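# Summary of structural features
So the chains spell out like this:
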Amino acid sequence: MNWWKPLAAAALLLPALTQAAELPAGLENKRIALVRFISQGDFFQAYLAGVEAQAEALGLELQVFDARQDAARQRDMLDQAILQGFDGILLQHGFTDSIKDKAAEAVDAGIKVVAFDVDAENEAIPQIQQSDAELARLALEQAVADQGEQFDVGYVYVSGFPPLERRDAVFSEYKQTYPGIREVARFGTVNNPIANSVADQAAAVLRANPTISVILAPFDEFAKGAKIALEEAGLAQDVKIYSADISTADIQAMREPGSPWVATAGTNPAVMGEVSVRALAMLLAGENPGRQVLVPPTLITQQLLNEQDIQNMEQLGQKLPAFAHAEVANPEWMRLPKR
Amino acid sequence: MELQDTTKAFGPHQVLKGVNLRLPAGQVTALMGANGAGKSTLVKVLCGVHRADAGNLLLDGRPVVFQDPRQANAAGIVTVHQQINDNVVLSLTVAENLLLDRLSDGRLGGLLGRKRLAEQAGPLAEAVGLNVPMDTQVAALGQAERQLLAIARALAHQPRLLILDEPTSTLSDAEAERLFVLVERLRARGTGVLYISHRLSDIRRLADRVVALRDGVIVLEQETPDLPRAVQAMLGHGLGEASHEYRRGGRERFRLQQARLVAGAPPFYLSLREGEITVATGLLSSGGMGLLQAIYGLAPLAAGTMYKGGKPWRPRSPAEAIAGGVFMVQEDRARAGIIPGFSLRHNLSLPFLSHLSRLGMIDRRREAERGKHSLDQAGVVYRSDRQPMSALSGGNQQKLMLARWLQQPCELLLLAEPFQGVDIGARRDIARLLRRTADERATLVVCTDLEEALELADRLLVFNHHRLVGDHRGEQLNMEQVLQQIAALPEHIDEELR
Amino acid sequence: MIRQGAIKYGLVVLLVAMVLVFSYLQPAFGSMRNSFIILQSVSIVAILALGVTATLAVDGFDLSIGATAALAMMTSSYVLVVLDGGTLAAVVAALGVGVLVGLLNGFLTVQMRIPDLLATLGVMFLLLGLQLIPTEGRSIAAGMILGDGGSAPGRFSAAFLALGRTRLFGVVPVPVVIMLVLALITWLFLERSRFGRLFYAIGGNRSAAWLAGANVSAYRYGAYVISGVYASIGGILLAARMGRGDVSSGNSLLMDAVAAALVGFAVLGAARPNALGAVVGALFVGVLLNGLTMLNAPYYTQDFIKGAVLVVALMFTFGLAKRT
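Residues numbered from 1 in each chain as written. Chains lettered and ligands numbered in written order. Predicted model: local features only at pLDDT ≥ 70, side-chain atom pairs only at ≥ 80, totals over all residues.

Chain C is annotated in an unreviewed UniProt entry as ABC transporter permease of Zobellella aerophila. Of the comments in the UniProt record for chain C, the one headed Sequence similarities (unreviewed entry) reads "Belongs to the binding-protein-dependent transport system permease family. AraH/RbsC subfamily." (UniProt positions renumbered as here; feature names shortened; annotations may be inferred.)

If you look chain B up in an unreviewed UniProt entry, it shows as Sugar ABC transporter ATP-binding protein from Zobellella aerophila.

## Considering the overall build of chain C
Broken down by element type, chain C carries 13 helices and 2 strands. Relative to its length of 324 residues, chain C is compact, with a C-alpha radius of gyration of 20 Å against a globular reference of 20 Å. For chain C, the spread of C-alpha atoms along the three principal axes comes to 70 × 55 × 35 Å. Counting every position in chain C, which comprises 324 residues, the buried fraction comes to 56%. In chain C, the proportion of contacts linking residues at least 24 apart, taken out of those at least 6 apart, comes to 76%. (Helix = DSSP H or I, 4+ residues; strand = E, 2+ residues; numbered from the N terminus. Rg over C-alpha atoms; globule rule 2.2 N^0.38 Å. Buried ≥ 20, exposed ≤ 12 C-beta atoms within 10 Å, placed from the backbone. Contact = placed C-beta atoms within 7 Å.)

## Points about the nonpolar core
Leu414(B) and Leu48(C) are the most contacted members of the largest nonpolar core, which has 368 residues in total. Ranked by residue count, the leading element in this core is helix α10 (residues 216-242) of chain C, at 17 residues. When residues of this core are assigned to domains, at least three fall in each of domain 1 (2-235) and domain 2 (252-497) of chain B. If sequence neighbours within four positions are ignored, Leu48(C) has contacts with Ile65(C), Ala69(C), Tyr230(C), Ala231(C), Gly234(C), Leu253(C) and Ala257(C). (Core = buried A, V, L, I, M, F, W, Y, C linked by C-beta atoms within 7 Å. Domains from an automatic or database assignment.)

## Quick notes on the interface of chain C and chain A
Each partner contributes to the interface: chain C provides 33 residues, whereas chain A provides 31 residues. Those elements that provide at least two residues to the side of chain C that touches chain A are α2 (32-57), α10, α11 (251-264) and α12 (275-294) of chain C. No other element matches α2(C), which puts 4 residues into the side of chain C that touches chain A. Classifying every residue of the side of chain C that touches chain A by side-chain character gives 10 nonpolar, 17 polar and 6 charged. (Nonpolar A, V, L, I, M, F, W, Y, C, P; charged D, E, K, R; others polar.)

## Some details on the confidence of the model for chain B
In low-pLDDT segments, the atomic positions of the prediction should not be examined closely. Mean pLDDT for chain B: 84, with 91% of residues reaching 70 or above. With pLDDT under 50 throughout, residues 237-242 of chain B is counted as low confidence; its partners more than four residues away or in other chains account for 10 contacts. (pLDDT = per-residue confidence, 0-100.)

## As for the sheet that holds strand β5 (residues 127-130) of chain A
All names here are of chain A. On the basis of which strands lie adjacent, the open sheet formed by 6 strands has the order β2-β1-β3-β4-β5-β11 and parallel pairing. Only two strands of the sheet have a single partner each, and these edge strands are β2 (61-66) and β11 (292-295). Strand-to-strand twist of the sheet, defined as the mean angle between neighbouring strand axes without regard to direction, takes the value 20°. With 2 bridges joining them, strand β4 (residues 112-116) and β5 adopt parallel strand pairing. Residue pairing for β5: Ala115 is matched across the bridge by Gln127. Contacts from helix α2 (residues 42-57) reach β1 (31-36), β2 and β3 (88-92), with the element oriented near 160° to β2. (Pairing = 2+ DSSP bridges. Axes fitted to C-alpha atoms, helices over the stretch in contact; angles between N-to-C directions.)

The following block contains the structure:
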């Protein structure tokens with residue numbers, strides 16, 4: 001009774017059948033490591049999903065190291081990955097100073113390295129980033145389009161985080177360009193749970209500064225906190241939130257009836273995960289993805305979400321093709337994950 | 001070495017009242033004294049832990065003053081304290097303990113190989129016959145081995161005066177004998193030894209001279225030991241002068257049958273009757289306390305059955321004992337009685353809150369009224385019942401502890417050392433209070449101090465090495481016999497008491 | 001007399017002074033509306049602090065409350081979103097988690113005799129990891145993608161969200177009401193009931209309480225269960241306010257709650273853990289943070305301020321009280 005044998009054979013053959021284009025020789029039986037500084041939150045989950053999908057599409061064996069926001073641990077894990085002889089390493093977030101020497105060590109050991117959202121200060125290490133400047137610009141442009149050139153801003157900001165600092169730089173430019181935009185209050189905290197803590201702060205700020213009509217939250221956890229505070233204060237009609245980043249939970253929050261969160265600029269974190277792996281694959285195949293790989297963001301408004309009845313990131317990708325795929329680090333031979 | 005007119009007081013409490021003590025070189029001086037006579041204070045003055053209030057300390061005829069134990073050590077006065085674990089560091093190894101003093105004064109230099117430590121420590125251990133690997137952790141040693149270790153460490157100092165405080169209490173006969181040989185060797189070398197012990201056999205074996213301390217004064221100094229007289233002197237004069245009315249018990253409230261406090265001891269029978277105050281005496285940890293603990297549900301009897309009101313009595317915790325009508329006033333009230341943050345009122349009501357509560361909520365007015373009533377009944381002197389316990393003197397604290405357990409009627413009231421840290425006036429009050437309320441219950445008290453025991457007893461039990469060896473009516477007390485029973489040696493209990 | 005007064009009313013006077021100064025500098029501060037904003041912001045921390053107070057009363061310590069709150073938040077979100085359960089089921093499940101954690105802490109400290117700090121530290125890590133397992137480390141939100149690729153069937157019900165978001169009579173947020181009710185219950189329990197009296201007796205002198213007939217083990221278990229349940233109530237309110245189950249350590253909650261309970265020692269000269277103190281302690285910190293945020297003080301001053309408050313309060317409790 002060997003009825004199952006053909007089935008098993010078919011199952012084994014299946015991946016082979018789906019692989020259409022020929023992969024470069026350098027990509028066979030390669031093992032890559034994802035060494036992540038931070039993993040908590042929707043963004044990082046989606047990023048990981050993208051990394052996994054793209055690695056699978058290319059037949060790369062992936063192992064994930066999670067430093068859980070501990071720079072020293074990330075360093076140790078990087079050491080481990082070098083020791084274990086991975087062919088490629090993908091660094092996700094962290095601090096330049098705590099990883100750059102180890103990253104250089106990896107490069108010297110012949111390992112291909114790419115870094116996402118952290119600058120490893122190494123010529124041989126391509127840096128993948130969402131374009132934070134573009135992200136901030138899209139959100140601010142929408143704010144100006146909606147509110148005119150004259151409004152008071154409550155700004156949620158915490159320094160010390162490079163992506164936030166890059167977004168902040170654009171806001172500073174804007175304040176120069178549009179003297180009518182006034183920052184009347186600046187607050188923010190990264191105390192866990194972030195949204196809850198920011199909500200408490202925002203409540204105080206809104207009481208103290210009744211002229212605020214726009215809250216600029218260049219990080220979606222901040223936006224969630226601001227939204228809670230606005231709704232609790234009954235100000236959802238009068239004050240609008242413009243933010244950066246996007247997730248399924250964010251989509252739900254923006255689409256709640258009467259939600260003050262009207263627009264966000266976001267890059268699909270899954271796409272960034274895919275782009276990161278694609279860049280690493282190009283290195284493994286002996287190609288150069290370039291020193292910097294920027295993934296362009298998309299503007300997502302509450303209006304758009306409602307009109308298209310978009311419920312989650314998946315549907316956002318389906319209905320907004322610009323969001324589902326980025327045309328970067330994508331050579332001819334590349335195999336994309338199935339959608 | 002010599003002490004002249006030494007006095008020491010703690011607060012109002014005069015512990016040493018002019019002690020004159022000579023400790024000649026090359027002789028073993030045995031110090032006898034009842035609990036609370038001031039022995040430990042005397043030792044602490046000698047070894048520099050306490051400073052005397054007045055009097056001289058002469059060393060080789062020259063007066064010296066020790067600021068701290070280190071100076072006493074340096075002068076060649078070395079002490080092995082009664083609490084063994086005060087003498088050793090549990091977390092270090094045997095070798096490290098033996099060399100601790102050299103380690104801490106840097107004589108051994110900074111870097112220490114394990115081998116070098118063992119080499120240095122080995123002979124010290126050998127001298128006392130301590131046969132354990134040098135890198136054993138002290139925490140893993142038994143009590144006897146720790147005691148030997150403490151002695152070995154003391155000997156490492158080459159003492160001129162060695163003070164041994166109850167050194168054999170945890171040693172077996174063979175181990176004790178080894179210690180005696182050591183002491184004799186030291187004596188031959190001219191070292192003076194102050195030997196403090198309750199064990200008459202030890203004293204008989206070792207002592208060249210005997211001194212008895214009582215109430216902070218040396219009451220007897222013998223150049224040739226005469227132990228029966230020394231025991232009498234140590235326990236005090238005027239024994240049997242008790243002046244109260246003796247009452248005979250009424251109905252039996254509590255009974256022990258075929259009871260053994262430790263395995264191997266002969267079983268005993270004991271009936272406790274209402275109205276009668278029964279006091280168990282004997283040397284420290286001779287068995288009375290074990291009996292109370294068994295009745296109060298803290299530790300089971302080794303064998304035998306207890307009956308309360310004819311029914312078997314097997315409490316597994318104080319809570320069960322209290323629920324069954326057996327209450328206990330604890331020894332060491334600071335540790336086992338008082339809740340430090342609580343007011344007088346709250347300390348008083350603690351065991352009987354359920355009587356004061358409805359639906360779990362305390363009726364605070366009733367608590368206050370009942371509390372004041374109890375305090376007044378017990379004659380506690382206080383300003384406000386909302387004061388903390390620390391505002392009361394020792395005697396008043398003890399009265400309150402007693403008042404706590406007199407709030408509700410009980411079958412059997414147990415008291416452990418009720419006169420501990422209590423002045424004489426309060427002692428009288430407490431005895432009167434106990435006697436006044438004794439009618440409706442049986443009362444069992446443990447007092448190691450014979451004089452205190454006699455102050456209370458309608459009936460006196462004597463325990464010796466966990467055996468019940470005497471049961472006397474207060475009015476027919478033969479003091480000679482009682483003393484004999486208290487001090488008899490374990491191996492001679494049977495013959496000596498016949 | 002002055003010292004007595006300082007010990008008893010020092011912190012309360014300071015609190016009133018703070019309110020006056022902030023109101024002067026920023027008129028919006030003193031409004032009714034802002035009072036409730038402050039109360040709302042401290043409600044969850046205060047509830048956790050009440051739980052810690054129960055364990056402190058028996059001379060224990062519960063380091064796992066933050067993690068318990070985080071786990072309860074995840075549990076209720078999981079029941080609502082992934083299992084598509086009802087509001088009641090979500091609340092009961094989260095409370096059940098609190099009870100279980102309390103029993104576990106009790107087992108480790110009472111039965112296994114592990115020192116409280118160590119046992120609850122261990123449990124803290126245990127729970128931090130545990131909350132990540134069912135969702136493979138992802139946060140829970142309506143419409144989330146599950147491990148099998150489908151999206152989660154449930155969502156946060158309106159009734160559940162109301163726990164965190166509704167205002168009673170349009171004024172008093174529900175979490176504030178719950179905090180006040182729990183504070184009252186805890187106060188009655190600790191100060192007026194015989195059980196609470198025994199809590200303090202055990203905390204003051206465990207062996208004396210045992211010898212006076214208290215069932216010490218049961219009460220210590222009880223304290224940890226109270227602490228666990230309170231923490232899980234905090235977690236439920238957190239989930240209801242945020243409308244999602246965020247993976248988080250809850251460590252800030254733990255620190256704030258412990259600080260509040262300790263500041264509470266100094267309230268009205270109690271010099272011991274107490275319910276009123278825990279709430280006032282939380283309020284103290286809340287008023288400061290709210291006021292400073294209104295005055296646009298940067299975020300990084302906040303922890304510094306909290307630390308300063310705690311140190312000053314401890315000085316009131318210990319430094320001044322010692323000398324009387």
